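Inside the fold
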Amino acid sequence: MLPSATVTALKAQKNNPNRVSLFLDGEFALGIHQDLVVKYDLHTGRTLTPEEQAQLEADERLIDAKQCALEYLAHKPRTEGEVRDRLARDDYESEIIEQVITRLHELSYLDDETYAHDFVKARFANKSYGPHRLRRDLRERGVDAGLIEEALAGLRETVDFQEEAHALAEKYWHRVADESHPLKQAKKLQGYLVRRGYGTSTARAAVETVQSEHATP
């Protein structure tokens, strides 16, 4: 355990006015947020017990983790899983990560349910992805399986994936129209639809319909 130590200097950091360099017993100890100066009533001559030093470091680590999470969220909406992964990559302790996640929920900065609904609507509108692709992409972002299915169910209320698969197959037809054999056409079309996230049966039905529509009388 660290011995008790006396604050010998508090110096504002040049690159960040919200942070202060703390010196204990004449040596630099750590950089801390100004709020912690107030919280711990830090001033020259103040003696910090080993427990206070440990708690001060933990509080600074928590503030740093919160700032990291907020900067990550500033670019675009994120899932809880993405924020957890981001903090873990910076080696924040699990206890600190839990505290940050709890606080972000309290501030309504994290909402996987809303995220999932917005995500499927946007990805479908912009890329015409099918349910399998949407499900996979959300799963990779750490969204709970139940929330994913709720989001997809909501999308199905306004979208007919079979019709969309047919429209995509029709749009892609020109790339396979010159194939010499219908089976090759079907394989390429179906592969394209499956890669876009449509199920095998949905893709097959769409391909059969498009091929029949383009069949030579």
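Everything that follows concerns the structure shown earlier in this document.
Here the structure is a predicted model, which means the values were calculated and not measured.

**Things to note about helix α8 (residues 161-172)**
If you check α8, its first and last C-alpha atoms are 16 Å apart, about what twelve residues at 1.5 Å a residue would give, namely 16 Å. The secondary structure elements touched by the buried residues of α8 are α5 (112-127), α6 (131-140), α7 (145-156), α9 (182-195) and α10 (200-213). Between a side-chain oxygen at the N-terminus of α8 and the backbone nitrogen of Gln162 the separation is 2.9 Å; the capping residue is Asp160.

**Let's talk about helix α3 (residues 80-89)**
Quick reminder: α-helices carry 3.6 residues per turn. Residues three or four places apart thus point the same way. Taken as a whole, α3 has its buried residues at Gly81, Glu82, Val83 and Leu87. Tucked inside the fold, the buried residues of α3 contact α2 (50-75), α4 (94-106) and α5. Directly after α3, the chain includes Asp91, whose backbone phi takes a positive value near 65°.

**Points about the sheet that holds strand β4 (residues 47-48)**
The strand order across the open sheet formed by four strands is β3-β2-β1-β4, and the pairing between neighbours is antiparallel. One side of each edge strand has no neighbouring strand; the edge strands of this open sheet are β3 (27-33) and β4. As paired strands, strand β1 (residues 5-12) and strand β2 (residues 19-24) are joined by five bridges and run antiparallel to one another. Across the sheet, Leu10 pairs through a bridge with Leu22, a residue of β2. Across the sheet, α2 is in contact with β1, β2, β3 and β4; its angle to β3 comes to roughly 45°.

**Examining the environment of Gln13**
Inspection of the secondary structure assignment puts Gln13 in the loop between β1 and β2. Distance from Gln13 to Ile32, taken between C-alpha atoms, is 9.6 Å for residues 19 residues apart in sequence. Residue contacts for Gln13: discarding those within four places in its chain leaves Arg19, Val20, Ser21 and Gly31.

Quick notes on the rules
- Residues numbered from 1 in each chain as written.
- Predicted model: local features only at pLDDT ≥ 70, side-chain atom pairs only at ≥ 80, totals over all residues.
- Heavy atoms only, no water.
- Helix = DSSP H or I, 4+ residues; strand = E, 2+ residues; numbered from the N terminus.
- Expected span 1.5 Å × (residues − 1).
- Contact = heavy atoms within 4.5 Å.
- Polar contact = N/O pair within 3.5 Å; in protein donor to acceptor, adjacent residues only side chain to side chain.
- Buried < 20%, exposed > 50% of the residue type's maximum accessible area, 1.4 Å probe, protein only.
- Pairing = 2+ DSSP bridges.
- Axes fitted to C-alpha atoms, helices over the stretch in contact; angles between N-to-C directions.

So, to be careful, I would describe these as geometric facts and stop short of saying anything about function.
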